[in-house]
Amino acid sequence: MIRRLWFSLPKLIRFMLTHIANGMVLGCVFLFIMIWWDVAGLGTLLEKDSSGLATAVLFFQTSMTFGAVSMGIAVMGLGED
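This section reports on the structure supplied with the text.

1. Re the environment of Lys 48
Okay, step 1: Inspection of the secondary structure assignment puts Lys 48 in the loop between helix 3 (42-47) and helix 4 (53-76).
Okay, step 2: Its relative accessible area of 66% is what places Lys 48 among the exposed residues.
Okay, step 3: Taking the C-alpha atoms as reference, Lys 48 lies 44 Å from Met 1; in sequence the two are 47 residues apart.

And the structure:
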């Protein structure tokens, strides 16, 4: 059912959603590595937040940024048909 819904979407929408998702995953991996290696004390700083809100907001904003950049690069690389 999901496959049928996915292929019922217009080709350009599928193209954009695919590139946004790829960028979001790349952004989350990038941020996870920065936290893991404690770049600029980021991991230590996030450990002190007991609610986890800072981590959630940081992951959300980073994934949105990387997703938008990925989609922008993909759209600019389309060229003219």
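2. Brief notes about the side chain of Ser 63
Okay, step 1: Tracing the sequence through the fold places Ser 63 in helix 4.
Okay, step 2: Separated by 2.9 Å, the side chain of Ser 63 and the backbone oxygen of Phe 60 make a polar contact.

3. Structural notes on the packing of aromatic side chains
Okay, step 1: Counted according to the given criterion, the structure contains 2 aromatic pairs.
Okay, step 2: Taking the centre distance of 5.3 Å and the plane angle of 35° together, the rings of Phe 30 and Phe 66 count as tilted. Of the two residues, Phe 30 sits in helix 2 (residues 11-36) while Phe 66 sits in helix 4, which places them 36 residues apart along the sequence.
Okay, step 3: What makes Phe 30 partly exposed here is its relative accessible area of 40%.

What counts, and where the lines are drawn
- Residues numbered from 1 in each chain as written.
- Predicted model: local features only at pLDDT ≥ 70, side-chain atom pairs only at ≥ 80, totals over all residues.
- Heavy atoms only, no water.
- Helix = DSSP H or I, 4+ residues; strand = E, 2+ residues; numbered from the N terminus.
- Buried < 20%, exposed > 50% of the residue type's maximum accessible area, 1.4 Å probe, protein only.
- Polar contact = N/O pair within 3.5 Å; in protein donor to acceptor, adjacent residues only side chain to side chain.
- Phe/Tyr/Trp six-rings, centres within 6.5 Å; stacked < 30°, edge-to-face > 60°.

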